[in-house]
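Residues per chain, in single letters:
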Amino acid sequence: MERTNGARELAAIYQAADVYVNATLEDNFPTTNIEALACGTPVITFATGGSTESLDDTCGLVTKEKSAEGIYDALLTLKKHPLQREDCLNKGREYDKNK
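Residues numbered from 1 in each chain as written. Predicted model: local features only at pLDDT ≥ 70, side-chain atom pairs only at ≥ 80, totals over all residues. Heavy atoms only, no water.

## Topic: the state of the cysteines
Then, in step 1: Counted by the stated rule, this structure contains zero disulfides.
Then, in step 2: Of all cysteine sulfurs, the one in C88 lies closest to C59, which takes part in no disulfide; the gap is 5.6 Å. (Disulfide = S-S within 2.5 Å.)

Rendered as structure tokens:
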């Protein structure tokens, strides 16, 4: 993907996705997870650094393995048991910059 031209374009990309996969192996608190949640998009990530701190079982999955297979299994889980967009939006609201 090329660089976006602003927040609206970025939000449209997140909203078009069924899930946001953040396969980071090292991150202290990725804002991309929060951006996805704020757009109603569930997150799949590895249990690394602070990547899991913004998630709970209503809005995302944390893979047991740090591998493509772990992501694949999480995608299958979400296909069978989709997370609700409204739950993701509610979790994203917890990170309102004005609070």
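Okay, back to it.
## Thoughts on the pairing of strand β2 (residues 43-46)
Within a regular strand, side chains alternate between the sheet's two faces.
Then, in step 1: Burial of the side chains of β2 extends over both faces: V43 and T45 are buried on one face and I44 and F46 on the other.
Then, in step 2: Summarising the sheet, strand β1 (residues 20-22) and β2 pair through three bridges and their orientation is parallel. Opposite N22, over in β2, you have T45 as the bridge partner.
Then, in step 3: At this point the chain moves from β1, through helix α2 (residues 31-38), to the parallel β2, and the crossover so formed is right-handed. (Buried < 20%, exposed > 50% of the residue type's maximum accessible area, 1.4 Å probe, protein only. Helix = DSSP H or I, 4+ residues; strand = E, 2+ residues; numbered from the N terminus. Pairing = 2+ DSSP bridges. Right-handed = clockwise from strand over helix to strand, strands pointing away.)

## Focus on the packing of aromatic side chains
Then, in step 1: Overall, the coordinates contain two aromatic pairs when judged by the stated rule.
Then, in step 2: Between Y14 and Y20, the aromatic rings sit 5.7 Å apart at their centres with planes inclined by 75°, giving edge-to-face as the arrangement.
Then, in step 3: Overall, Y14 belongs to the buried group, its relative accessible area being 9%.
Then, in step 4: On the basis of an interplanar angle of 50° and a centroid distance of 6.1 Å, the ring pair of F29 and Y95 is categorised as tilted. A residue pair is termed long-range when its members are at least 10 positions apart, and F29 in the loop between β1 and α2 and Y95 in the segment after α4 (85-93) qualify at 66 residues. (Phe/Tyr/Trp six-rings, centres within 6.5 Å; stacked < 30°, edge-to-face > 60°.)

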